[in-house]
Every structure is written in structure tokens, then in C-alpha cells.
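Coordinate inspection notes
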Amino acid sequence: MGEEKLIKNLKNGKEEAYYELVNKLGNKLLRSTYLMIKDEKEAEDIVQETFIRVFNNIKGFKGNSSLYTWVYRIAQNITIDRIKSKIQTISYEDYNMALDNTDEIVIENINKQILREELDKLNFIYKQVLVLYYFDDLSIKEISEILNEKEGTIKSKLSRGRVLLKDALERGGKLNG
Amino acid sequence: MDNKDLLGLELKSIMEEDSRDLKLSEQAINRIISSREKTWKDKLNDFLNKEIEIPLAPALVGFAALFVVTILPKNIFNDENIKIINIDSSQIIIRDGKEVGRK
């Protein structure tokens, strides 16, 4: 079913359309949310709440973005609401710090175990962008639409996250950021 | 931004490995689907598919009552008032009422 038809069927309340959307995005959203918050139960709750909100508001969906971007945006809003207290704020200067060496990260050997541990320790705002970019294969433009932030900000967060991981790897597993 | 560099590939691989076994449970999917706003068609189907439980004793009493009303002849419990008058070898039978059909 194409996206346009799927949206039409969702608006008409057709059950098969609801199943299609859940089957298409449910597991992907669950995995993506889990990678950001590392709590399986909470991730499932967030995905449930996301779809419930999507279905309750589908009639008001105007198609200004793709359906999938809209679903992801709702999921990210719910995730941020739920873990608001745990998110550390990062200064604007911090984002920009990484811009100079954005694409020049050269690492010869990566200790996967250290990388995994450092990724878990990384601040949510970097991890969120890294997951959306690397795991969900979303473009910078799509991520900026989902998070309602400028593309430059997303690029900075992504670069900063990568630099922090690289630095930690070089030091053998100690994050600075 | 290159997502195919070594760091990017390793990050993707770690993320895939760490979340590989995660799947939405059947209960979660059912909760999601049942939360949607139901159309009139769904409501009608729900109504038609509803299981109705009837308690046995009242059902039997009701069925017996229905049987009595519809199957049994109407006058089965009526005591007809019949008078028989014997005149010689003949009898005159007098009833309170009798249905008379046209030939």
C-alpha cells in the first residue's frame, strides 16, 4: 500500500491500515527507542503511546511531512517528555566545537566493546541523533524535521557525538562530554 | 557526513546487535489496535460477535413456557362441562361450547 493510500485508509478507520503501519514501523521504533533510553519496558510504552497518539490525531494530519517522519516526531516528543529530567543541557558552543573536524575522524582500530560502553554513556541528545542517523538511516534533513531543529544543529550534534566517541576510544574508554 | 566510515559502520553494527531481539509483543500490538477509534461497522461487528450467556434455569423455564403456549392444544386443561341425558337407548350430549366447522 502506498503512503497516500495508507493515510486515506487510516483516516477512514480501516483496520488493515492500522496493522500495516504498526507492522511497518512498530519494531523499528521499538529498537530505535530502546537504543536511546536502554529500557525495554519504557521503550515499549513509548511506542504504544506513539501509535495511540498517531491514531487519535490521524484525521488532523495534513501531510506537511511524510507520514513516517510525523510518526517519528511524535515518538521523539514522547521520549523526550518521559526522560526530560535525565537529559543534560548542552551549550550552543559545545555543538559548534565539533564542526571543524566533522568528516575527518580517522580511527585505525576500534575496540567494539569500548565503543559500545561509550555509546551507552553518551548524553541523550547526541545518542538520539546518532541512532536516528546510523540505525534508522534517516537523512540530516529528515532528522531536522523530526526534531524540529535546523540542519546545522543536527550536523553539529552528530559531529560532537562522533568526536566524543572517538576521543573516548583513543583514551581507551573515558568520555569527556 | 559520511555514514560509511569505520566509526559509522561500527556504530550501526553495535546498534543492530544490541536491539536485534526486540519485538513488539502481541499484547502491545493488540492494545495499540484496540485503542483506535471504532467505526460504526466495527461497532456492529462487535455487537454481532458478542457472546451471550444465558443462565440455564431461567432459560429452561422460559423454554417450557413457550412450549406450553405454542405447542400444546389450547383446551387441554379445560374441564368441559358435559351433560348426558339418556332417553331409552339414545343419549343427548350437552356441551358448554363446541367449534363448528362448515362442510
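Please read all numbers here as calculations on a predicted model, not as lab measurements. Sequence order sets the numbering: in each chain, residues are counted from 1 along the sequence as written. Chain letters and ligand numbers both follow the written order, the letters beginning at A and the numbers at 1. A pLDDT threshold of at least 70 governs which residues receive local features in this predicted model, and a stricter bar of 80 or more applies before side-chain atom pairs are shown or counted, although totals over entire chains, interfaces and linings include all residues. Side-chain measures here rest on the full set of heavy atoms in the structure, leaving out hydrogens and waters.

Our focus in this paragraph is the overall build of chain B. The numbering of helices and of strands both runs from the N terminus, where a helix is a DSSP run of H or I of at least 4 residues and a strand a run of E of at least 2. Within chain B one finds four helices and two strands. Listing every helix and strand of chain B by position from the N terminus yields α-α-α-α-β-β. Burial classes follow relative accessibility: with a 1.4 Å probe on protein chains only, a residue under 20% of its type's maximum area counts as buried, one over 50% as exposed, and anything between as partly exposed. Burial analysis of chain B (103 residues in total) assigns 16% to the buried set. Surface exposure here means Shrake-Rupley accessible area, sampled with a 1.4 Å probe, where a residue is shielded only by the protein chains that are shown. Counting only carbon and sulfur atoms, one obtains 56% of the accessible surface of chain B, whose full area is about 9100 Å².

Turning our eyes to something else, we now look at a nonpolar patch on the surface. On the surface, B:Trp40, B:Leu44, B:Phe47 and B:Leu48 cluster together into a nonpolar patch covering about 530 Å² of accessible area. Mapped onto the elements of the fold, B:Leu44 is located in helix α3 (residues 40–48). Patch construction takes residues with relative accessible area above 30% that form no salt bridge. Like charges are linked within 9 Å, and nonpolar side chains (Val, Leu, Ile, Met, Phe, Trp, Tyr) are linked within 5 Å. The salt bridge criterion pairs a side-chain nitrogen of Lys or Arg with a carboxyl oxygen of Asp or Glu, the two atoms within 4 Å.

All names here are of chain B. In this analysis, strands are considered paired if DSSP registers two or more bridges between them. Examined bridge by bridge, strand β1 (residues 83–87) and strand β2 (residues 90–94) share five bridges and lie antiparallel to one another. Across the sheet, Asn-86 pairs through a bridge with Gln-91, a residue of β2. The antiparallel pairing of β1 with β2 creates a hairpin that spans two residues between the two strands, and Asp-88 there sits at a positive phi of about 55 degrees.

Among all residues save glycine, negative phi is the norm, and among peptide bonds the norm is trans. Its identity is not glycine, yet A:Asn148 carries a phi of approximately 55 degrees, on the positive side. Considering the arrangement of structural elements, one finds A:Asn148 in the loop between α8 (140–147) and α9 (151–170). Since its relative accessible area comes to 68%, A:Asn148 is described here as exposed. The residue B:Asp88 is not glycine, and still its phi comes out positive at about 55 degrees. In this fold, B:Asp88 is placed in the loop between β1 and β2.

Where like charges cluster on the molecular surface, the positive patch consists of A:Lys5, A:Lys8, A:Lys14 and B:Lys41. Considering the arrangement of structural elements, one finds A:Lys8 in helix α1 (residues 3–11). Residue classification places A:Lys8 among the exposed residues on the basis of a relative accessible area of 56%. Note that His is not counted, nor are the chain ends; the positive residues are Lys and Arg, and the negative ones are Asp and Glu. Each charge is placed at NZ for Lys, CZ for Arg, CG for Asp and CD for Glu.

Glancing now at the confidence of the model for chain B. Taken residue by residue, chain B gives an average pLDDT of 80. The fraction at 70 or more is 79%. Here the complex is predicted with pTM 0.70, and the ipTM for its interfaces comes to 0.83. The quantity called pLDDT is the predictor's confidence in a given residue, expressed from 0 to 100.

The contact criterion used is simple: two residues touch if any of their non-hydrogen atoms lie within 4.5 Å. Tallying the contact residues gives 33 residues for chain B and 45 residues for chain A. Interface area for chain B against chain A, summed over the two sides, is near 3700 Å², with a carbon-plus-sulfur share of 64%. At the boundary of chain B with chain A, the tally comes to eight salt bridges. Across the pair B:Asp18 and A:Arg116 runs a salt bridge, and its minimum N-O distance is 2.9 Å. Each of two parts loses accessible area, computed with a 1.4 Å probe, when they are put together; buried area is these two losses added.

So, about the pattern of salt bridges. In total, this model carries 21 salt bridges over all chains according to the counting rule given. A salt bridge links A:Lys38 to B:Asp18; its shortest N-O distance comes to 3.5 Å. Separated into two different chains, A:Lys38 in the loop between α2 (15–37) and α3 (40–57) and B:Asp18 in helix α1 (residues 6–19) make up a pair that spans both. Residue classification places A:Lys38 among the partly exposed residues on the basis of a relative accessible area of 29%. Overall, B:Asp18 belongs to the partly exposed group, its relative accessible area being 23%. A:Arg82 is the partner of A:Glu42 in a salt bridge, and the nearest nitrogen-oxygen pair spans 3.7 Å. One end of the pair, A:Glu42, is in helix α3; the other, A:Arg82, is in helix α4 (residues 67–83), with 40 residues separating them in the sequence. For A:Glu42, a relative accessible area of 22% translates into the label partly exposed.

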